[in-house]
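Listed below are the residues making up each chain.
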Amino acid sequence: MTIKTAPSILSADFARLGHEIEAVEKAGADVIHVDVMDGHFVPNITIGPPVVAKIRPITKLPLDCHLMIENPERYIGAFAKAGADWISVHVEACDLSQLLPAIKALGCKAGCVINPPTPVEKILPYLPLADYVLVMTVNPGFGGQKLIEGCIDKIAAIHSIAKERNIRIPIEADGGIGPANVSRVTAAGAEIIVAGSAVFEAEDYTKAIEALRK
Ligand code: DX5
Ligand code: ZN
């Protein structure tokens, strides 16, 4: 299995955002993870479509917009227009049976996201509609948190159920992942690794990204 790395710009230096994105692309990142927070669905506020539109021409990498917002149906069009390639929405925030096809209709890859306290059963009906599933390994809202161990079992459960049902769906894992625990996350079946602090707080982005692939 080839592991993809998706640095989360939440931990980048926002004053130098364009340079930070160029630096992680050069360092070997596969995807740019963009954490969108509204201060309602999560207790933090980050960035929206105007910032996505400005970073779009900076990189060739896919922009993976993770919407941690209420009423995501109101905003998917704006993110697609701004240049998002992947858009993921939370099972806790919307009706995925509506939103996943709507995201695909906008020409983007559609991801479904599950929070740590939500049981795996809640997301299973939507796997056939999604292009990827994002398993949160921390409670969303902030970078730099500690991975919640039980979430690794959720990755393994989703991986094995999808296999049983013959659904080929990549699993993305997000939160608290670094060189010390990444091998357990990938062993459970995650193929796309989001990492904010483990990349942007490192001295050397290339080494930090390599360490996540090992
Ligand atoms: C948390 C975000 C994550 C976060 C990851 O709400 O969805 O993408 O930025 O940051 P680290 O890797 O520092 O946990
Ligand atoms: Zn995220």
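Quick caveat: nothing in here was measured; it's all calculated off a predicted structure.

Enquirer: Give a detailed account of the site of ligand 1, specifying residues and quantitative values.
Expert: Close to ligand 1 lie 20 residues; Asp35, Gly141, Asp174, Gly176 and Ser197 are nearest. Contact distances for ligand 1 include 2.6 Å between an oxygen atom and a side-chain N or O atom of Asp174. Taking Gly176, its main chain carries an N or O atom lying 2.8 Å from an oxygen atom of ligand 1. Coverage of ligand 1 by the protein amounts to 100% of the 380 Å² it exposes when considered alone. Sorting the residues of the shell around ligand 1 by element identifies strand E2 (32-37), strand E3 (63-68) and strand E8 (192-195) as the ones contributing at least two each. Per element, the largest residue contribution to the shell around ligand 1 is three residues, and it comes from E2. Looking at the shell around ligand 1 residue by residue, the classes come out as eight nonpolar, 10 polar and two charged.

Enquirer: Just give me the short version of the pattern of salt bridges, but keep the residues and values in it.
Expert: Scanning the model with the defined rule gives six salt bridges in all. We note a salt bridge from Arg16 to Glu20, for which the minimum N-O separation is 3.7 Å. Looking at Glu20, the relative accessible area reads 5%, which means it is buried. The partner of Lys207 in a salt bridge is Asp204, with the nearest N and O atoms 3.9 Å apart. We classify Asp204 as partly exposed; its relative accessible area is 31%.

Enquirer: Could you give an account of the side chain of Lys154, with specific residues and numbers?
Expert: Structurally, the position occupied by Lys154 is in helix H5 (residues 150-164). Within the buried core, Lys154 has no salt-bridge partner, and the shortest N-O distance to an opposite charge, that of Glu92, equals 6.5 Å. A distance of 2.7 Å separates a polar side-chain atom of Lys154 from the backbone oxygen of Thr118. Ignoring sequence-local partners within four residues, the contact set of Lys154 consists of Ile114, Asn115, Pro116, Thr118, Val120 and Val135.

Enquirer: Hey, could you go over the coordination of the zinc ion (ligand 2) for me, with residue numbers and the actual values?
Expert: The protein atoms that coordinate the zinc ion (ligand 2) are His33 (NE2), Asp35 (OD), His66 (ND1) and Asp174 (OD), at distances spanning 2.0 to 2.3 Å. Positions of the donor residues of the zinc ion (ligand 2) along the chain correspond to the pattern H-x1-D-x30-H-x107-D. Within this pair, whereas Asp35 is found in strand E2, its partner His66 is found in strand E3, the two being separated by 31 residues in sequence. Assessed through its relative accessible area of 6%, Asp35 is described here as buried. Judged by relative accessible area, His66 falls into the buried class, the value being 0%.

About the criteria used
- Residues numbered from 1 in each chain as written.
- Chains lettered and ligands numbered in written order.
- Predicted model: local features only at pLDDT ≥ 70, side-chain atom pairs only at ≥ 80, totals over all residues.
- Heavy atoms only, no water.
- Near = heavy atom within 4 Å.
- Polar contact = N/O pair within 3.5 Å; in protein donor to acceptor, adjacent residues only side chain to side chain.
- Areas by Shrake-Rupley, 256 points an atom, 1.4 Å probe, with all protein chains shown as cover.
- Helix = DSSP H or I, 4+ residues; strand = E, 2+ residues; numbered from the N terminus.
- Nonpolar A, V, L, I, M, F, W, Y, C, P; charged D, E, K, R; others polar.
- Salt bridge = Lys/Arg side-chain N within 4 Å of Asp/Glu carboxyl O.
- Buried < 20%, exposed > 50% of the residue type's maximum accessible area, 1.4 Å probe, protein only.
- Lys, Arg positive; Asp, Glu negative; His and termini not counted.
- Contact = heavy atoms within 4.5 Å.
- Donors = N, O, S within 2.8 Å, 3.2 Å for Na, K, Ca; no water.

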